[in-house]
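Structural overview
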Amino acid sequence: MKPVLTPRELAQAIGVSESSVKRWVDDGTIAANRTAGGHRRIPIAEAVRYIRDSESLLTRPELLGLSDVASVAESFPASGEEATALFDHLIEGRSEEVKGLIVSLYLGGSSVAQVVDGPLRDAMEKIGALWEHRPEGIFFEHRATAIAINSIARLRTLLSTHGGGPLAVGGAAPQDHHLLPTLCAATVLEAAGLEAVNLGANLPVESLRIAIDQLSPSLIWMSVSTDTVSSALGGQLRDLARELRDERIPVVVGGPAIRELGLRSRDNLRVCSSMAELEAIAHGILFAGGAST
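Residues numbered from 1 in each chain as written. Predicted model: local features only at pLDDT ≥ 70, side-chain atom pairs only at ≥ 80, totals over all residues. Heavy atoms only, no water.

With that out of the way, let us pick up the sheet that holds strand β3 (residues 40-43). With respect to topology, three strands assemble into an open sheet ordered β1-β3-β2, the strand pairing being antiparallel. If you trace the sheet from one side to the other, it starts and ends with β1 (4-5) and β2 (33-34), each paired once. Here two bridges tie β1 to β3, and the two strands are oriented antiparallel to one another. The partner of leucine 5 across the bridge, within β3, is isoleucine 42. Sheet strands in contact with helix α2 (residues 18-26) are β2 and β3, and its direction is about 80 degrees off that of β3. Relative to the sheet, helix α3 (residues 44-54) contacts β1 and β3, its axis offset from that of β3 by approximately 75 degrees. (Pairing = 2+ DSSP bridges. Helix = DSSP H or I, 4+ residues; strand = E, 2+ residues; numbered from the N terminus. Contact = heavy atoms within 4.5 Å. Axes fitted to C-alpha atoms, helices over the stretch in contact; angles between N-to-C directions.)

See below:
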């Protein structure tokens, strides 16, 4: 993937004239930098933002360094069939096609939350159930998870993150070794306009407290994807939310195993069943200028 593009490259990629792209740069429609010689250079994340906002048709993704998008261009699934196509790519280990499909959905206007809550969740749940019926199911699940992690990380590099936004900090619960859900949460938050520090899997609450003291975030998240987490975690998260209540800092907990914790949303403790809910909380923080009500 190219870190920056020339106006000609972007123009050819979306099928417009180079002079049009230069005009959009000059009038501020597309943000760009200038070289020492005065040449316009467009960051790839800004090109992606413009393509999404303008609903431009990306006819030559390879010119942007998006060969993975080009790999699915001729076999893109019909509306409503995205999860099935993603499952097929994941089960066959086709990593380029998985990345291409996920990035294509985002380029086409789907939010990161919509991609994660929809096709990715459906495909991964279907793959996760295979171990009950097929001896190779664990292999399929582990390989698919690794591909999905790489694909979401790829998507994250395309986001327009300019810095200076409210900070979010989080990770996966103690004894929870799942990397994908917390990475998805971080990516959703960054797409919404926050800066996200993902502390990864198996994150002790005390380590999260240290991060809060060091970084002074505006949002805390924790993903809970396994029912093997300690029954004491629910109380620890309630205590953490209580400590942050006066500062109106939301503590967001989500994942397929949250029922095991006996938590419910109250005050600044938010129990979410989808990435769309996390996205809405992030938008609320931005609207409030960095603090959630």
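Here the narrative resumes, following the displayed structure.
This brings us to the packing of helix α6 (residues 95-107) against helix α8 (residues 137-156). Running from N to C, α6 and α8 cross one another at 40 degrees; their axes reach a closest spacing of 9 Å. Here α6 lies oblique to α8, going by the angle between them. When you trace α6 past α8, the crossing you get is right-handed. When α6 is examined against α8, the residues Ser95, Val98, Lys99, Ile102, Val103 and Tyr106 are found in contact with a partner set consisting of Ile147, Asn150, Ser151, Ile152, Arg154 and Leu155. Of the residues belonging to the contact of α6 with α8, the class tally is seven nonpolar, three polar and two charged. (Parallel < 35°, antiparallel > 145°, perpendicular 65-115°, else oblique. Left-handed = near helix turned anticlockwise from the far one by under 90°. Nonpolar A, V, L, I, M, F, W, Y, C, P; charged D, E, K, R; others polar.)

Before going further, it helps to examine α2. Residues of α2 that are buried: Ser20, Val21, Trp24 and Val25. Viewed along the axis of α2, the buried residues span an arc of 140 degrees, placing them on a single side of the element. Among the structural elements, α1 (7-14), β3 and α3 are those in contact with the buried residues of α2. Directly after α2, the chain includes glycine 28, whose backbone phi takes a positive value near 90 degrees. (Buried < 20%, exposed > 50% of the residue type's maximum accessible area, 1.4 Å probe, protein only. Arc of directions from axis to C-beta.)

With that out of the way, let us pick up the packing of helix α7 (residues 112-128) against helix α9 (residues 180-192). Running from amino to carboxyl end, α7 crosses α9 at an angle of 160 degrees, the nearest separation of the two axes being 9 Å. For the element pair α7 / α9, the angle class is roughly antiparallel. As α7 runs across α9, the sense of the crossing is right-handed. Of α9, the residues touching α7 (which contributes Val112, Ala113, Val116, Leu120 and Met124) are Leu180, Cys184, Thr187, Val188 and Ala191. Grouping the amino acids of the contact of α7 with α9 by side-chain chemistry returns nine nonpolar, one polar and no charged.

With that settled, the discussion passes to the packing of aromatic side chains. Evaluation of the coordinates by the stated rule reveals two aromatic pairs. Taking the centre distance of 5.4 Å and the plane angle of 35 degrees together, the rings of tryptophan 24 and tyrosine 50 count as tilted. On the criterion of sequence distance, the pair formed by tryptophan 24 in helix α2 and tyrosine 50 in helix α3 is long-range, its members being 26 residues apart. For tryptophan 24, a relative accessible area of 18% corresponds to the buried category. (Phe/Tyr/Trp six-rings, centres within 6.5 Å; stacked < 30°, edge-to-face > 60°.)

It is worth spelling out the side chain of arginine 40 at this point. If you trace the backbone, arginine 40 turns up in strand β3. Judged by its relative accessible area of 18%, arginine 40 falls in the buried class. Polar contacts involving the side chain of arginine 40 include one to the side chain of aspartate 26, which spans 3.0 Å. Aside from chain neighbours lying at most four places away, what touches arginine 40 is Leu5, Thr6, Pro7, Lys22, Val25, Asp26, Asn33 and Arg34. (Polar contact = N/O pair within 3.5 Å; in protein donor to acceptor, adjacent residues only side chain to side chain.)

Counting residues in each nonpolar core, the largest one holds 70 residues, and the members touching the most others are Leu10, Leu64, Leu90, Leu189, Leu219 and Trp221. Excluding anything up to four places from it in sequence, leucine 10 contacts Leu5, Val21, Ile30, Ile42, Ala47, Ile51 and Leu64. Counting residues in each nonpolar core, the second largest holds 25 residues, with Ala173, Met222, Leu237 and Leu240 among its members. (Core = buried A, V, L, I, M, F, W, Y, C linked by side-chain atoms within 4.5 Å.)

Tallying each qualifying case throughout the model produces 15 salt bridges. Note that arginine 156 and glutamate 190 form a salt bridge whose closest N and O atoms lie 2.8 Å from each other. Note that arginine 156 is positioned in helix α8 and glutamate 190 in helix α9, a separation of 34 residues in sequence. Across the salt bridge formed by arginine 245 and aspartate 267, the nearest N and O atoms sit 3.4 Å from each other. Placement of arginine 245 in the loop between α11 (233-244) and β7 (251-254) and of aspartate 267 in the loop between β7 and β8 (269-272) is noted, with a sequence separation of 22 residues between them. A single salt-bridge network, built from bridges that share partners, covers Arg8, Glu18 and Lys22. (Salt bridge = Lys/Arg side-chain N within 4 Å of Asp/Glu carboxyl O.)

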